[in-house]
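Listed below are the residues making up each chain.
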Amino acid sequence: MSIVRKALLGATASAALLAGLAAPAAAESRAPEAPSGEGWVLVTKSGDFTAQGSWSRSTSYGSSAGTISTTAASGWVKDTAADGYCAQVVIEWWGTNGKYDADYSGQACPQGDVDNFSKAPGDSSHWTATSYAVWMRRV
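None of the values given here were measured: they were computed from a predicted structure. (Residues numbered from 1 in each chain as written. Predicted model: local features only at pLDDT ≥ 70, side-chain atom pairs only at ≥ 80, totals over all residues. Heavy atoms only, no water.)

### Some remarks on the overall build of the chain
Turning to step 1, where the next piece is worked out: Of regular secondary structure, the chain possesses 1 helix and 8 strands.
Turning to step 2, where the next piece is worked out: Helices and strands in the chain line up, N terminus first, as α-β-β-β-β-β-β-β-β.
Turning to step 3, where the next piece is worked out: In the chain, buried positions account for 37% of the 139 residues.
Turning to step 4, where the next piece is worked out: For the chain, the exposed surface amounts to about 8,000 Å²; the carbon and sulfur share of it is 52%. (Helix = DSSP H or I, 4+ residues; strand = E, 2+ residues; numbered from the N terminus. Buried < 20%, exposed > 50% of the residue type's maximum accessible area, 1.4 Å probe, protein only. Areas by Shrake-Rupley, 256 points an atom, 1.4 Å probe, with all protein chains shown as cover.)

Here you go:
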């Protein structure tokens, strides 16, 4: 990359930061992306926790409902199709300084089975999340 191009890019980035247009580099700037594989549905997501969130979602293979806050999530997932697959909820948590955790509910199957779950960000030591994404998938 030429020196002129580097200088131009640096000036553009500086101007965007001064104007408040650049996204923060913290965990809040990470948009949830569907994990690899088929059957993933984004149920809910948040960039900040101004209030406790809740979700309710149905698909062709399952349904789920629950609540989530900065420190915990609880809910249920149900298999609604006699297709040989299970339904499962996956919660992704992001925190400060690059913290990340993914929690999986149990698999609800066969058709009609319900799995209840309670999760918190962090494994052995729990922390307060700054954002989250809740997914439902067919497994």
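Still more ground to cover, so stick around.
### Digging into the side chain of Asp 115
Turning to step 1, where the next piece is worked out: Its location among the elements puts Asp 115 in strand β7 (residues 114–119).
Turning to step 2, where the next piece is worked out: For Asp 115, which is buried and forms no salt bridge, the nearest opposite charge comes from Lys 119, at a distance of 7.0 Å.
Turning to step 3, where the next piece is worked out: At 3.0 Å, the side chain of Asp 115 and the backbone nitrogen of Gly 106 are in polar contact. (Lys, Arg positive; Asp, Glu negative; His and termini not counted. Salt bridge = Lys/Arg side-chain N within 4 Å of Asp/Glu carboxyl O. Polar contact = N/O pair within 3.5 Å; in protein donor to acceptor, adjacent residues only side chain to side chain.)

### Here we look at the nonpolar core
Turning to step 1, where the next piece is worked out: Core analysis: the biggest nonpolar cluster contains 18 residues, and Trp 55, Ile 68, Val 77, Val 89, Ile 91, Trp 93 and Val 134 have the highest contact counts within it.
Turning to step 2, where the next piece is worked out: Of all elements in the fold, only β1 (41–46), β4 (73–79), β5 (87–94) and β8 (131–138) reach the threshold of two or more residues within this core.
Turning to step 3, where the next piece is worked out: The greatest single-element share of this core, amounting to 4 residues, is contributed by β5.
Turning to step 4, where the next piece is worked out: Beyond its immediate sequence surroundings of up to four residues, Val 134 is in contact with Val 41, Leu 42, Val 43, Thr 44, Trp 55, Ile 68, Val 89, Val 90 and Ile 91.
Turning to step 5, where the next piece is worked out: Core analysis: the second largest hydrophobic core is formed by 5 residues, Trp 40, Val 90, Trp 94 and Trp 135 among them. (Core = buried A, V, L, I, M, F, W, Y, C linked by side-chain atoms within 4.5 Å. Contact = heavy atoms within 4.5 Å.)

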